Amino acid sequence: MKMKFTLAFVCAFLSLNAQIEFEEVFHEFDSLEFINEMVIGDMDGDGLDDFVTSSYFGRQLLLAVNRPNVARPEFVKIWEGLAPRELTLYDIDQDDDMDIIGTLPFDNLTLCWKNLGNGNYDLDTLSQFDYTAIHFVDLDGDQADEVLIGHDDRFSLFKLVDGRIQFARTIVNDFFLGSPEAIASFDYNRDGRLDVVGAFGLSGVKIYTQSDNLRFTEVNFDSETVRNDRIAVSDINRDSIGDLFVHSTFDSETTILQSDEQSVYQEEVLPEPNGSNVFSSFGDVNQDDFTDILYYEEVSNFEGTLSLILTDTAGRVKQQLSTERFMPGDGGFTDLDGDGDMDICIFFNDFFETGLAYYINNSPLDADKDGFTEEEDCDDQNPNVNPGQMEIVYNGLDDDCDPNTRDDDLDEDGFLMVDDCNDMDPNINPDAEEIPNNGIDEDCDGMDLVTSLNEIEGVQISIFPNPTKNWIAINLSEPMDVAVSLKDLNGRLLYQGDNVHLVDVSSFTSGIYFLEVVAKRSGAKMVKSISKVD
């Protein structure tokens with residue numbers, strides 16, 4: 001089933017007025033058991049994200065293999081008889097494919113289904129305890145991930161060693177605090193080290209800053225929002241301090257904790273005009289580096305509204321995606337069709353239409369996130385090139401995406417600046433005719449043509465070019481027998497000839513020479529200094 005519609009984001013007090021065009025593609029799977037969890041990742045290395053689902057009641061772990069052109073995916077059974085929770089995808093054995101990690105809270109186990117390729121998985125036990133949340137991240141910058149785990153009323157740090165998790169230290173152990181149900185990491189105090197944040201049941205959100213050697217100290221951070229099981233970090237107001245997005249399935253609400261420059265957080269619970277907010281997922285659908293929210297409000301099992309909430313520095317704007325899909329299981333943001341922009345996928349446990357709903361983003365892509373889409377931007381891989389930029393000459397780029405503002409050959413004489421000694425004058429270029437004695441290098445050979453005018457026995461003699469690189473020309477206004485010689489500064493004779501009109505000096509070193517022209521009949525002579533250049 002397909003449905004096309006345009007989301008027109010309208011908000012009276014915001015500057016946001018963007019439009020995103022989505023196409024809904026629905027794949028029905030009425031035979032599937034109730035899906036409680038779904039995580040998204042490329043499980044088969046084909047460049048398209050797939051979907052791993054868990055059914056608590058059906059006690060099944062399933063994989064939906066995504067197909068090109070958003071065709072109907074194929075669900076295959078990975079495991080039966082177990083109902084893993086808190087699914088996450090991570091390459092635990094470092095063999096360049098994604099493995100599946102889940103916990104069995106009633107069996108006190110953490111399991112890993114190792115991806116063997118070709119759709120095969122091998123079940124392995126990672127630990128003899130279950131977890132409430134797990135988060136893989138390189139905390140100390142050593143190119144090896146650590147593992148943050150909430151378990152047994154504790155929040156602990158583990159190391160990864162040869163595909164196994166090994167206990168490193170406890171961050172906090174407090175029976176009354178419990179263990180976190182969601183974990184994230186960000187540089188809270190802007191000291192270059194990643195800090196950690198956990199959402200602890202009735203104790204709310206807690207932040208722990210990292211010191212040397214992976215040790216953590218709790219921040220005095222008061223939080224009123226409680227029982228959150230999803231968390232994401234974003235810098236909404238661009239103050240370089242992470243803001244927090246949290247969702248509580250228990251309380252059916254989403255809360256944004258936004259910081260100021262003093263790291264004081266203000267909490268805001270998102271309004272629920274269309275019912276209880278039973279599901280939220282966080283991502284960046286328009287790739288502007290602001291966290292957006294996939295937001296479902298439920299009135300009943302047969303009535304609800306799926307919305308998309310976009311955020312930026314101007315605020316938030318919300319618009320409906322659908323009012324025809326009910327009972328969301330899980331979902332999020334991913335590039336379903338492989339076109340480089342983010343789409344939306346969500347599994348609905350609707351009694352009448354159970355299945356996967358795709359919302360394909362058909363809006364023009366803004367890959368470099370400069371505010372101009374690929375339809376407007378002449379280089380959508382470079383944020384410094386777009387119609388809002390000023391043209392910078394001679395940098396090889398069309399900065400303003402306007403071919404009428406030239407980057408090179410500004411005088412439009414057919415020569416680029418690298419060859420043109422004056423790119424502001426079309427009469428000066430390597431093809432121009434040199435005009436002697438005007439102080440201008442018209443032909444860009446590095447010198448102006450200078451002629452020396454002299455007179456012997458009433459005959460005008462011109463000598464050029466001077467300075468010269470290769471030759472000296474001697475022109476007489478009328479025929480006359482002359483003797484020509486060339487000497488260096490020491491008076492050494494370098495050249496001598498009669499009635500010559502061209503003297504080759506290309507083999508001489510640079511310096512000053514003297515050219516002597518003598519009239520043979522009268523002995524009258526003229527001497528000119530010649531500058532030889534390389």
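Just above, that's the structure.
So, how was this worked out
Residues numbered from 1 in each chain as written. Predicted model: local features only at pLDDT ≥ 70, side-chain atom pairs only at ≥ 80, totals over all residues. Heavy atoms only, no water. Pairing = 2+ DSSP bridges. Helix = DSSP H or I, 4+ residues; strand = E, 2+ residues; numbered from the N terminus. Axes fitted to C-alpha atoms, helices over the stretch in contact; angles between N-to-C directions. Disulfide = S-S within 2.5 Å. Phe/Tyr/Trp six-rings, centres within 6.5 Å; stacked < 30°, edge-to-face > 60°. Buried < 20%, exposed > 50% of the residue type's maximum accessible area, 1.4 Å probe, protein only. Lys NZ or Arg CZ within 6 Å of the ring centre and 35° of its normal. Polar contact = N/O pair within 3.5 Å; in protein donor to acceptor, adjacent residues only side chain to side chain. Contact = heavy atoms within 4.5 Å.

## A few points about the sheet that holds strand 22 (residues 265–269)
Thought 1: One open sheet holds the four strands; their spatial order is 19-20-21-22, and the pairing between them is antiparallel. Strand pairing shows two members of the sheet lacking a second neighbour, strand 19 (230–234) and strand 22, which therefore form its edges. Across this sheet, the average inter-strand angle for adjacent strands is 20 degrees, counted without regard to direction.

## Considering the state of the cysteines
Thought 1: All chains considered together, the criterion is met by two disulfides.
Thought 2: In this model cysteine 378 forms its disulfide with cysteine 401; the gap between the sulfur atoms is 2.2 Å. In this structure the cystine formed by cysteine 378 and cysteine 401 twists about its S-S bond by roughly -80 degrees; its chirality is therefore left-handed. With cysteine 378 in the loop between strand 29 (354–361) and strand 30 (452–456) and cysteine 401 in the loop between strand 29 and strand 30, the pair connects residues that are 23 residues apart, well separated along the chain.
Thought 3: Disulfide partner of cysteine 421: cysteine 444, at an S-S distance of 2.1 Å. Taking the torsion about the sulfur-sulfur bond, which here is approximately -80 degrees, the covalent link between cysteine 421 and cysteine 444 counts as left-handed. In this pair, cysteine 421 sits in the loop between strand 29 and strand 30 while cysteine 444 sits in the loop between strand 29 and strand 30, placing the two residues 23 residues apart along the sequence.
Thought 4: Going through the protein in sequence order and numbering each bonded cysteine, the pairs you get are 1-2, 3-4.

## Quick word on the sheet that holds strand 4 (residues 50–55)
Thought 1: The strand order across the open sheet formed by four strands is 3-4-5-6, and the pairing between neighbours is antiparallel. Of all strands in the sheet, those bounded by a partner on one side alone are strand 3 (37–41) and strand 6 (74–80). Adjacent strand axes in the sheet meet at a mean angle of 20 degrees, parallel and antiparallel pairs treated alike.
Thought 2: Here five bridges tie strand 4 to strand 5 (residues 60–65), and the two strands are oriented antiparallel to one another. When the bridges of strand 5 are listed, threonine 53 appears paired with leucine 62.

## Some details on the packing of aromatic side chains
Thought 1: By the definition in use, this model includes 21 aromatic pairs.
Thought 2: Seen in terms of ring centroids, phenylalanine 200 and tyrosine 208 are 6.4 Å apart; in terms of plane orientation they differ by 65 degrees. Their pairing is edge-to-face. By the burial criterion, phenylalanine 200 is buried, and tyrosine 208 matches it.
Thought 3: Among the aromatic side chains, those forming a connected cluster through ring pairs are Phe186, Tyr188, Phe221 and Tyr265.
Thought 4: The ring of phenylalanine 26 has arginine 325 sitting right over it, with the charged end atom 4.0 Å from the ring centre.

## A closer look at the pairing of strand 37 (residues 525–532)
Successive residues of a regular strand alternate their side chains across the two faces of the sheet.
Thought 1: By the bridge criterion, eight bridges tie strand 36 (residues 511–519) to strand 37 in an arrangement that is antiparallel. Bridging across to strand 37, leucine 515 finds its partner in lysine 528.
Thought 2: The antiparallel pairing of strand 36 with strand 37 creates a hairpin that spans five residues between the two strands, and glycine 523 there sits at a positive phi of about 80 degrees.

## Focus: the side chain of asparagine 277
Thought 1: Structurally, asparagine 277 is set in strand 23 (residues 276–283).
Thought 2: Under the relative-accessibility criterion, asparagine 277 is labelled buried at 0%.
Thought 3: Of the polar contacts made by the side chain of asparagine 277, one reaches the side chain of threonine 254; its length is 2.6 Å.
Thought 4: Residues in contact with asparagine 277, not counting those within four places in the same chain, are His247, Ser252, Glu253, Thr254, Glu272, Tyr295, Tyr296 and Glu297.

## Overview of the environment of methionine 327
Thought 1: Looking at the element boundaries, methionine 327 is found in the loop between strand 26 (315–322) and strand 27 (328–334).
Thought 2: Taking relative accessible area as the criterion, methionine 327 reaches 11% and is therefore assigned buried.
Thought 3: For the pair methionine 327 and glycine 178, spaced 149 residues apart in the sequence, the C-alpha separation amounts to 30 Å.
Thought 4: The contacts of methionine 327, once residues within four sequence positions are left out, are Phe34, Tyr296, Glu298, Asn301, Phe347, Phe348, Asn349, Asp350 and Phe351.

That's the geometry; what it means functionally is another story.
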